[in-house]
Amino acid sequence: VSSWMLPFDTPNRYDIRSIRVVSVFGAHRDSYLKGHIHTATDLNPAHKSTLTYIYPMAVGVVCSIHLGHPHRTIVIRHLLANGKTIYTSYKHLQEIYVTVGTQVDQNTKIARLYTREETKKYHGNYDHLHLEIRKSFYDYGCASWLTMNTTDLNELFYNPMTFMKSNLGVVHVITN
């Protein structure tokens, strides 16, 4: 990875003001396992259009597509300049345009979010992106609903807003 961008096609994909936060990292949740902690930041583009497409935040490879509607999820593995690996996870996807093993960059359209009308079928609010920045993916996504305390949260995940504020538009030089 040499740079990070927002996962939406906004006029400036490096500007954090181009997104609107729906729900914050670390919030209490009662979905799936009652009392788990929100491992993501739920967000939308600040100026949402009828159809919202999702793009990878950085160069990587699709390593997982899992769960069913309305929780369909794409996970992308990223190799950092320091040799470490992290994962971005994109959830609540109505349409998916990639497969496991697809090499992606920030210009690869990977999915589309639900529209407000489409979410009515599932009796929930799924017309946003549930974005996780994961330190590992050994659990194949289970920690998304099984994280019950802040120690585990911080061991397994990065706060997406903090991560984006620190990394959007920063060029990371890869040396041999």
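About the criteria used
- Residues numbered from 1 in each chain as written.
- Predicted model: local features only at pLDDT ≥ 70, side-chain atom pairs only at ≥ 80, totals over all residues.
- Heavy atoms only, no water.
- Buried < 20%, exposed > 50% of the residue type's maximum accessible area, 1.4 Å probe, protein only.
- Helix = DSSP H or I, 4+ residues; strand = E, 2+ residues; numbered from the N terminus.
- Contact = heavy atoms within 4.5 Å.
- Pairing = 2+ DSSP bridges.
- Core = buried A, V, L, I, M, F, W, Y, C linked by side-chain atoms within 4.5 Å.
- Phe/Tyr/Trp six-rings, centres within 6.5 Å; stacked < 30°, edge-to-face > 60°.
- Disulfide = S-S within 2.5 Å.
- Arc of directions from axis to C-beta.
- Polar contact = N/O pair within 3.5 Å; in protein donor to acceptor, adjacent residues only side chain to side chain.

### Observations concerning unusual backbone geometry
- Along the chain, histidine 69 connects to proline 70 via a cis peptide bond; the corresponding omega equals 0°.
- At histidine 92, a residue that is not glycine, the phi angle is positive and equals roughly 80°.
- The class for histidine 92 is buried, based on a relative accessible area of 6%.
- Positive phi is not limited to glycine here, since histidine 123 has a value of about 55°.
- With respect to the secondary-structure elements, histidine 123 resides in the loop between α1 (116-119) and β10 (129-134).
- Residue classification places histidine 123 among the exposed residues on the basis of a relative accessible area of 75%.

### Quick notes on the environment of glutamine 94
- Position of glutamine 94 among the secondary structure elements: in strand β7 (residues 93-96).
- With sequence-adjacent residues up to four places away left out, glutamine 94 is seen in contact with His69, Arg72, Arg112, Leu113, Tyr114 and Glu118.

### Let's talk about the sheet that holds strand β9 (residues 111-113)
- With respect to topology, 3 strands assemble into an open sheet ordered β3-β9-β7, the strand pairing being antiparallel. Strands with a single pairing partner mark the edges of an open sheet, and in this sheet they are β3 (53-54) and β7.
- Here β7 runs beside β9; their pairing, made up of 3 bridges, is antiparallel. Residue pairing across strands places isoleucine 96 opposite alanine 111, the latter belonging to β9.

### A look at the nonpolar core
- In terms of nonpolar packing, the biggest core is built from 27 residues, with Ile54, Tyr90, Ile110, Leu129 and Met164 touching the most fellow members.
- Every element with two or more residues in this core is listed here: β5 (73-79), β6 (85-91), β9, β10 and α4 (160-167).
- With near-sequence residues (within four places) excluded, methionine 164 lies in contact with Leu6, Ile16, Ile19, Leu43, Met57 and Leu131.
- Counting residues in each nonpolar core, the second largest holds 6 residues, with Ile37, Ala143, Leu153 and Phe157 among its members.

### Points about the packing of aromatic side chains
- Summed over the entire model, instances satisfying the criterion amount to 6 aromatic pairs.
- For the ring pair tyrosine 114 and tyrosine 122, a centre distance of 5.8 Å and an interplane angle of 75° mean the geometry is edge-to-face.
- Residue class for tyrosine 114 comes out buried when judged on its relative accessible area of 2%.
- Aromatic side chains tyrosine 158 and phenylalanine 163 sit 5.9 Å apart centroid to centroid with 45° between the ring planes, which places their arrangement in the tilted category.
- With relative accessibility at 11%, the residue phenylalanine 163 sits in the buried group.
- Through a chain of ring-to-ring contacts, the aromatic side chains of Trp4, Tyr158 and Phe163 assemble into a single cluster.

### Focus: the state of the cysteines
- Taken as a whole and judged by the stated rule, the model has 0 disulfides.
- We note that cysteine 63 lacks a disulfide partner, and the nearest cysteine sulfur, in cysteine 142, lies 14 Å from it.
- Its relative accessible area of 29% is what places cysteine 63 among the partly exposed residues.

### Some details on α4
- Those residues of α4 that fall on the buried side of the exposure criterion are Pro160, Met161, Phe163, Met164 and Asn167. The buried residues of α4 occupy one face: seen down the axis, they fall within an arc of 160°.
- Elements that come into contact with the buried residues of α4 comprise β1 (19-23), β2 (41-45), β6, β10 and β11 (157-158).
- The backbone nitrogen of methionine 161 has a side-chain oxygen 2.9 Å away, supplied by the residue at the start of α4, namely asparagine 159.
- At the C-terminal side of α4, glycine 169 shows a positive phi close to 80°.

### What about the environment of valine 1?
- For valine 1, the location among the structural elements is in the segment before β1.
- Sequence separation of valine 1 and aspartate 105 is 104 residues, and the distance between their C-alpha atoms is 9.4 Å.

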